[in-house]
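# Residue-level structural notes
Each chain, written out:
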Amino acid sequence: MRTISESPASSTRLVADLLVFAKVVEHGTFTAAARQLQVAKSQVTKQVARLEASLSVRLLHRTTRKMAPTEAGLAVLQQADAIARAADAAIDAAGAHTSSPHGRIRVTASASYALHVLAPLLPGFSKIYPAVEVELLLVDRFVDLLDEGVDLALRLTDAPPPALSGRPLHKADFVVCATPDFLREHCIQRPDDLREITCLSFGARAVRGGALWQFRRNGEKVDVSVKTPVAVNSSDIVRALVIRDMGVGLLPRFAVADDLVYGRLIPVLDKWEVQGTFGTTAWMLWQPQRVLPSKVRVFVDYLVKELAAGDGVHRYENV
């Protein structure tokens, strides 16, 4: 039977390789594991190959997109997880006696949400945690946290993905609005009045070249098919078009908070509840983990504290 050298160096290398192997299984690919570990993909590949050679067993089924543990790999993974749990416990125990959280976290959000909600809060966070670097990935699409090595995702949703952990940050209501000049030319008293008016929104459900806007009031429900001549994937662009009198906009309130305060835009049908583009709650989401890294945990806690009490708009009216 082949044996593994019991020298301290060999034992240390074996433990390191086991932890890397666990990361590959957790994240599904060498690339994602390397990104999470902040090392080169070639290093991750080398360590897993070295572990298989040391144990004289194949640990992974390899495909072009994903990795899956073999039967032997599952058995080894249990031991690797035990080592990882012990390491996490040691880190937590030491955390109370070390300096403040540090390192980089990657956060994804829409550009509009980052501009109107996150940006005003980042200076305060950086003042409290100067050693934590925040990298923002701003895209108007859902990001695969594993594949793209992202720590946190901010999403507007009423149904967070069950595969992710998360915390709600604040309510995110939507508002129908237009400029004073536009409203002087168009009378809007009920949702049905929108059928013959140009309307603009981001991501609304398409119906025959338009969109479906849904209104609710005291049990009454009205679904309106509106004309949307421009398809836009940015609420800030929708706002810009509305400001230029192109039509009536359906926008998240955080994107037009200043405009409503200073009268550049006027809410219409404000007695009605309007169904938003995605959902009515802003969530912070992350991959389930045994222990959330302190740099990530303090960022989540900070946003929850700053935003959970309301809808967030009060914080960036002056930005």
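Throughout what follows, the structure given in this document is the object of discussion. Keep in mind that this is a model prediction, so the values were computed, not measured.

## As for the sheet that holds strand β12 (residues 248-252)
Strand order in the open sheet formed by four strands is β8-β12-β7-β13, and the pairing between neighbours is mixed. The open sheet terminates on both sides in strands that have one partner only, identified here as β8 (199-201) and β13 (266-267). Across two bridges, strand β7 (residues 174-178) lies against β13 in antiparallel orientation. Within β13, the residue paired with Ala178 across the bridge is Ile266. Strand contacts of helix α7 (residues 235-243): β7, β8 and β12, with the helix running at about 150 degrees to β12, the strand carrying the most contacts.

## Re the environment of Arg244
Residue position: Arg244 is located in the loop between α7 and β12. Accessibility expressed as a relative area gives 63% for Arg244, which makes it exposed. A sequence separation of 65 residues divides Arg244 from Thr179, and the C-alpha atoms of the two residues are 8.0 Å apart.

## Here we look at the pattern of salt bridges
Tallied over the full model, the rule gives 14 salt bridges. Where Asp192 meets Arg195, a salt bridge forms, and the shortest distance between an N and an O atom there is 3.0 Å. We classify Arg195 as partly exposed; its relative accessible area is 32%. The salt bridge involving Arg217 is made with Glu220; its shortest N-O contact spans 3.9 Å. For Glu220, a relative accessible area of 30% corresponds to the partly exposed category. Salt bridges sharing common partners tie together Arg104, Arg106, Glu133 and Glu135.

## Points about unusual backbone geometry
Positive phi, normally seen in glycine, also occurs at Asn218, with a value near 50 degrees. Note that Asn218 resides in the loop between β10 (210-217) and β11 (220-227). Unlike most non-glycine residues, Leu269 shows phi in positive territory, near 55 degrees. Looking at the element boundaries, Leu269 is found in the loop between β13 and β14 (273-274).

## Notes on the packing of aromatic side chains
This structure, assessed with the given rule, holds five aromatic pairs. An aromatic cluster is built from Phe125, Tyr129, Phe299 and Tyr302, whose rings are joined through pairwise contacts.

## Thoughts on helix α2 (residues 30-37)
Here α2 has its buried residues at Phe30, Ala32, Ala33 and Ala34. Backbone geometry just after α2 places Gln38 at a positive phi near 60 degrees.

## Section: α7
It helps to recall that an α-helix has 3.6 residues per turn; residues three or four apart then point in one direction. Taken together, the buried positions of α7 are Ser235, Val238 and Val242. Viewed end-on, α7 has its buried residues packed into an arc of 55 degrees, placing them on one side of the element. Buried residues along α7 sit against α5 (111-128), β7, β8 and β12. Between the side-chain oxygen of the N-cap and the backbone nitrogen of Asp236 there are 3.3 Å, and the N-cap of α7 in question is Ser234. Following α7 by one or two positions, Asp245 adopts a phi angle in the positive range, close to 65 degrees.

## Concerning the pairing of strand β15 (residues 281-286)
In terms of burial, β15 is a largely internal element, six of the six residues being buried. Taking every second residue as pointing to the same face, both faces of β15 are buried, with Thr281, Trp283 and Leu285 on one and Ala282, Met284 and Trp286 on the other. Direction of pairing for strand β6 (residues 165-171) relative to β15: antiparallel, over a ladder of six bridges. Bridging across to β15, Gly166 finds its partner in Leu285.

Parameters at a glance
- As a convention, each chain's residues are numbered from 1 in the sequence order in which they are written.
- Reporting in this predicted model follows two pLDDT cut-offs: at least 70 for local features of residues, and 80 or more for side-chain atom pairs to be given and counted; totals over whole chains, interfaces and linings ignore these cut-offs and use all residues.
- Hydrogens and water molecules were not included; the side-chain quantities draw on all heavy atoms of the structure.
- When DSSP locates at least two bridges between a pair of strands, those strands are taken to pair.
- Each helix corresponds to a stretch of at least 4 residues labelled H or I by DSSP, and each strand to a stretch of at least 2 residues labelled E; elements are numbered beginning at the N terminus.
- Any two residues whose heavy atoms approach within 4.5 Å are treated as being in contact.
- To get an axis, fit a line to the C-alpha atoms, keeping to the stretch in contact for a helix; angles then go from 0 to 180 degrees between the N-to-C directions.
- Exposure classes here rest on a 1.4 Å probe applied to the protein chains alone. A residue is buried below 20% of its type maximum, exposed above 50%, and partly exposed in between.
- The term salt bridge refers to a side-chain nitrogen of Lys or Arg lying within 4 Å of a carboxyl oxygen of Asp or Glu.
- For this analysis, a ring pair means two rings from Phe, Tyr or Trp (six-membered ring only for Trp) whose centres lie within 6.5 Å, classed as stacked if their planes differ by under 30 degrees, edge-to-face if by over 60, and tilted for the remaining angles.
- Note that the arc is defined by the directions from the helix axis to the C-beta atoms.
- We call two N or O atoms a polar contact when they sit within 3.5 Å, provided that within protein one can donate a hydrogen and the other can accept it, with sequence-adjacent residues counted only if both atoms are side-chain atoms.

By themselves these figures say nothing about function.
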